[in-house]
Amino acid sequence: MAEAFATEIAKSLLGKLGSFAVQEFRLACGLQDDLARLEERLKAINAVLSDAEKQQSKNERIRLWLHMLRKVFYDAEDVLDEIECETLQRQVVKTKGSTSRKVQHFFTSSNRIAFRLRMGHNIKKIIERLAEISALKSDFNLSEQAIDCSHVLHEETGMNRSFDSFSGLIRRDEDKERIINLLIPPFKVGDAHPRVLPIVGMGGLGKTSLAKSVGDAEIVERHFQLKMEVCVSDDFSLKQVIQKIIKSATGERCADLDEGELQKKLEEILNGRKYLLLLDDVWNEDAKKWLLLKPVLSKGADGSKIIVTTRSQRVAEIMGTVPAYNLSHLGKEDCLLLFCKCAFKEGQMALYPNLIGIGKEIVAKCKQVPLAVINLGTQLYGKIDETEWKSVRDSEKWEEEGDVILPALKISYQRLPTHLKRCFLYCSVFPKDYQFGDCILVQFWMAHGLILQSANPNENLEDVGLRYVRELISRCFFQDYEDCIVIAYFKMHDLIHDLAASLAQNEFSIISSQNHQISESSRHLSVLDSNSFFHQTLNKFSNEFDHVRSIVFADSIAGPTCKTDFEKCLSGFKYLRSLELMDPSEFEVFPERIGALKHLRYLYLVVNTEMKRLPKSIFKLPNLQALVAAGEGLEELPEDVRHMISLRFLLLFTQQKRLPEGGIGCLECLQTLFIVWCENLENLCEDMQGLKSLRKLFIAKCHGLISLPRSIKCLTTLEEFCIIDCEKLDLITIEEEKGKKIQSLSLSLRIVMFAVLPATRALPEQLFQGSAESLQTFIIIGCPNIGEMPDCIRNLKKLQNLEISDCPRLNKRCRKETGEDWPKIAHIPKIKVDGDDSGEETSHSGSSGTPSAREEDKKTSFHRGFC
């Protein structure tokens, strides 16, 4: 990485030294003196790290010194993690009460002594290396500063401020109209088929946003029968591009089809249909590759069109059938207006003419590129100190050679707090156009220790991580933001991804058909091409695998196809913290060897239809905090899941009719539970009261689900409860039987969402009664048989938002002033009911007609990320 981030890593190490597991081991194994010396040495070095990191950009020797330190810090983390693993494994064995010979042998006194001696030796080596490096610090005149291991809270900008909210301000209306006029004329004899329109321009001008806005125009929507979008990016692989087009058209992954089968399937999809296809960010200048794809795309009906966005005139010449549309720079006045919209709070601009003057100079340096303007404007949002504005205007980064936009993006990066810089750089391990989910990205960050505990005792790591996400979105490091209530999705602009990759290049390696090398400093691998990885990287660089902490197999094309190769891969990465794997297409059984990855904290596994079950060894991973196990073929989640004592996040698919007792219900640390696409599931487990830490429960697309266990009402820590598209579920099943004494409930629900539940006849009154002091948002969509609002809604004094859509009977009863249930809900500040003709956007806002596109998206967008 360009920066060492030694201070952040040192804070993490000091936190680990104070952890319960290490403290317990320290006392049990007699390593108090060694660990105390390590802690003392770390504190001494930490005292000067802040000053060293400030000076590293101007002093190469200090920068190298910090990188030496970072390497030792990472090794120290591995040692402390070994200790935590040992403690957790003993805890698992104690919980299981196992007396098997193998387990007894593992924890015999001789084995413990050997482990203690090995750890003691490793700790002493770390202390010696730290002493050698620490001795050099006297050469740098570094000043000591007070040690602060707490997490600093930073002011957040509003969530309505994102790249997408500003991209709408870019004045491209004329460009949009011209392109639409090129797309909708009727097909004439002699026209090229399909017609290909390239949009050409440098990075950051808004080509993709423009192309998408054209596709979303109502006149264009009506003109085409099928609309598809694909990000092609650097690697124009025929199989991969066809696979992406099919997924955009149908949602199917088709990982198990070969190239010929994929071509045939795409031809069937396009046959006789007039389509619009966006091929975004194309770099391929090999005409032969395009000529292989073009015949398949010609199977659509006459009048089909393709928009290609590219920075290359050569690409436009190869692919275009009409003259390219060359996108110009944004006008100077429009750039200044855009910058001011990003930098000033509403109504503030006129108050600071001095800042506007400096802003004009900053905008001039952005060379009329909207991405640069937006990015720098958001960094200055709410700042009224001239010094901060001048520091941007006068930054030495403007003098760097290369792309016009990179200096602006580097300045934006420089202004990030240190903890956000690390989180941002770690995102570069994911491929371009990757769709992030906020709560899942947070788990990835947590797996690598990037999130520090808040000083606020009521805020856990997940809360802090979501705050990091919101901050990066508001600073425009993420875009294409889509809030689906239960999860928010977003992406990185390709130039922002390039920035992250360039800054993180020392530790992050991309394995592709062009590059199969990793270095001694590589700790994170992004695999874009499995052949290069398994046949070249594995053979040539196996000595470097000990250092690797994360691997992302970018998609089904990049995933492993040979089980033997993958087992060899797993055996080498003993310190792996995170693994993301899509569609290991030829695996019927996942390798049991994964159970040897005892440091693994994050496992994202989307499996093929052939794989029926997860390996039992997965459930022996003591450190695993997040498990996404998605795949229509998975038959069951075994009871062994109860042994995953560190698990905080679980997303599961299963073909079971009932979740067994003594399994999920025993996960006391579980914070978030997704149960999705479980078509056969009729009942959940009855022992859900054992989920003592559960804060978020999301159930979706479980079409066979009939009832919910009454134990759900015992989840006193639950804050978000969402059920979507469960057509047989009647929510009334969680109510106590009539005549039975009702126990007083005290729940913590803040957000409740019920969507597409046609069998539900009434809302669960007891659930709302128990949440009278906490519920803030209630959304109900597509529940046509719910007849009325329960009386207890009157008592929900903290309820701020109520949305009702596609519920005809309920809509009518909740209409403003006239509905029978209006008196029950009139106290709620913000109400949205479709079919309400009040029309005014007041505190009780209404919308008319059928459910809006946004509301329809809420029903479907959640599933998109896990399909």
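Just so we're clear, the structure is a prediction, and the values are computed from it rather than from any experiment. (Residues numbered from 1 in each chain as written. Predicted model: local features only at pLDDT ≥ 70, side-chain atom pairs only at ≥ 80, totals over all residues. Heavy atoms only, no water.)

S.K.: Whenever I open this one, the packing of helix 1 (residues 6-17) against helix 3 (residues 32-55) confuses me. Can you help?
M.R.: When two helices pack together, their arrangement is captured by the angle between the axes and the distance separating the axes. Contact geometry for helix 1 and helix 3: axes closest at 9 Å, N-to-C directions at 155 degrees. Judged by the angle between their axes, helix 1 and helix 3 are roughly antiparallel. Seen along the crossing, helix 1 lies across helix 3 with a hand that is left-handed. Counted together, Ala 6, Thr 7, Ala 10, Leu 13, Leu 14 and Leu 17 of helix 1 and Leu 35, Leu 38, Glu 39, Leu 42, Lys 43, Asn 46, Leu 49, Ser 50 and Glu 53 of helix 3 form the full contact between these two elements. In terms of residue class, the contact of helix 1 with helix 3 is made up of nine nonpolar, three polar and three charged. (Axes fitted to C-alpha atoms, helices over the stretch in contact; angles between N-to-C directions. Helix = DSSP H or I, 4+ residues; strand = E, 2+ residues; numbered from the N terminus. Parallel < 35°, antiparallel > 145°, perpendicular 65-115°, else oblique. Left-handed = near helix turned anticlockwise from the far one by under 90°. Contact = heavy atoms within 4.5 Å. Nonpolar A, V, L, I, M, F, W, Y, C, P; charged D, E, K, R; others polar.)

S.K.: Just to check I follow, could you spell out the sheet that holds strand 2 (residues 226-233) for this structure?
M.R.: Paired through their backbone hydrogen bonds, the strands of a sheet run either parallel or antiparallel. The strand order 2-3-4-1-5 describes an open sheet built from five strands, whose pairing is parallel. The open sheet is flanked by strand 2 and strand 5 (325-326), the only strands paired with a single partner. Against the sheet, helix 8 (residues 173-183) makes contact with strand 1 (195-200), strand 3 (275-282), strand 4 (305-310) and strand 5, and its axis sits at roughly 165 degrees relative to strand 1, the strand it touches most. Where helix 13 (residues 287-297) meets the sheet, it contacts strand 1, strand 3 and strand 4, and its direction lies at approximately 165 degrees from that of strand 3. (Pairing = 2+ DSSP bridges.)

S.K.: Which parts of the structure should I look at to understand the nonpolar core?
M.R.: The nonpolar side chains of a soluble globular protein tend to be buried with one another. Of all hydrophobic cores here, the largest spans 151 residues; its most connected members are Trp 65, Phe 73, Phe 424, Leu 441 and Trp 445. In terms of residue count, helix 4 (residues 60-96) provides more of this core than any other element does, 11 residues in total. Not counting residues within four places of it along the chain, the set of residues in contact with Trp 445 comprises Cys 423, Tyr 426, Cys 427, Leu 450, Ile 451, Gly 465, Tyr 468, Val 469 and Leu 472. (Core = buried A, V, L, I, M, F, W, Y, C linked by side-chain atoms within 4.5 Å. Buried < 20%, exposed > 50% of the residue type's maximum accessible area, 1.4 Å probe, protein only.)

S.K.: Sorry if this is basic, but what is going on with the packing of helix 17 (residues 370-379) against helix 19 (residues 405-414) here?
M.R.: The geometry of helix 17 relative to helix 19 is characterised by a closest axis approach of 9 Å and an angle of 20 degrees between their N-to-C directions. Classed by the angle they form, the pair helix 17 and helix 19 counts as roughly parallel. Helix-helix and strand crossings are classified by hand; for helix 17 and helix 19 the assignment is left-handed. Contacts between helix 17 and helix 19 involve Leu 371, Ala 372, Asn 375, Leu 376 and Gln 379 on the former and, on the latter, Ile 405, Ala 408, Leu 409, Ile 411 and Ser 412. Here the contact of helix 17 with helix 19 is composed, by residue class, of seven nonpolar, three polar and no charged.

S.K.: Any chance you could explain the side chain of Ser 12 here in plain terms?
M.R.: Structurally, the position occupied by Ser 12 is in helix 1. Note on Ser 12: relative accessible area 11%, which makes it buried. Those residues in contact with Ser 12 that lie beyond four places of it in its chain are Glu 77 and Gly 449.

S.K.: Please clarify how the packing of aromatic side chains should be interpreted in this entry.
M.R.: Aromatic rings in a pair are described by how distant their centres are and how their planes are angled relative to each other. This model, assessed by the stated rule, comprises 20 aromatic pairs. When the ring of Phe 424 is compared with that of Phe 477, the centres are 4.9 Å apart and the planes differ by 65 degrees; the resulting orientation is edge-to-face. Residue Phe 424 is located in helix 20 (residues 418-426), and its partner Phe 477 is located in the loop between helix 22 (461-474) and strand 7 (479-483); the two are separated by 53 residues in the primary sequence. Exposure remark for Phe 424: the relative accessible area of 0% places this residue in the buried category. Among the aromatic residues, those joined into a cluster by ring pairs are Phe 430, Tyr 434, Phe 436, Phe 444, Phe 478, Phe 490 and Tyr 602. The side chain of Lys 421 reaches across the aromatic face of Tyr 413, ending 5.3 Å from its centre. (Phe/Tyr/Trp six-rings, centres within 6.5 Å; stacked < 30°, edge-to-face > 60°. Lys NZ or Arg CZ within 6 Å of the ring centre and 35° of its normal.)

S.K.: How should the pattern of salt bridges be read in this particular structure?
M.R.: It is possible for side chains of opposite charge to pair when their charged atoms get near one another. In the structure shown here, the tally under the stated rule is 55 salt bridges. Of the charged contacts in the structure, one is a salt bridge between Arg 393 and Glu 361, with a shortest N-O distance of 3.1 Å. With Arg 393 in helix 18 (residues 386-393) and Glu 361 in helix 16 (residues 353-365), this pair connects stretches of sequence that are 32 residues apart. Overall, the relative accessible area of 16% leaves Arg 393 in the buried class. Owing to a relative accessible area of 39%, Glu 361 belongs among the partly exposed residues under this scheme. Residue Lys 410 pairs with Glu 400 through a salt bridge whose shortest N-O separation is 2.9 Å. With Lys 410 in helix 19 and Glu 400 in the loop between helix 18 and helix 19, this residue pair connects regions lying 10 residues apart in the sequence. Members of the salt-bridge network, linked through shared partners, are Lys 16, Glu 77, Asp 78, Asp 81, Glu 84, Arg 549, Arg 577 and Arg 601. (Salt bridge = Lys/Arg side-chain N within 4 Å of Asp/Glu carboxyl O.)

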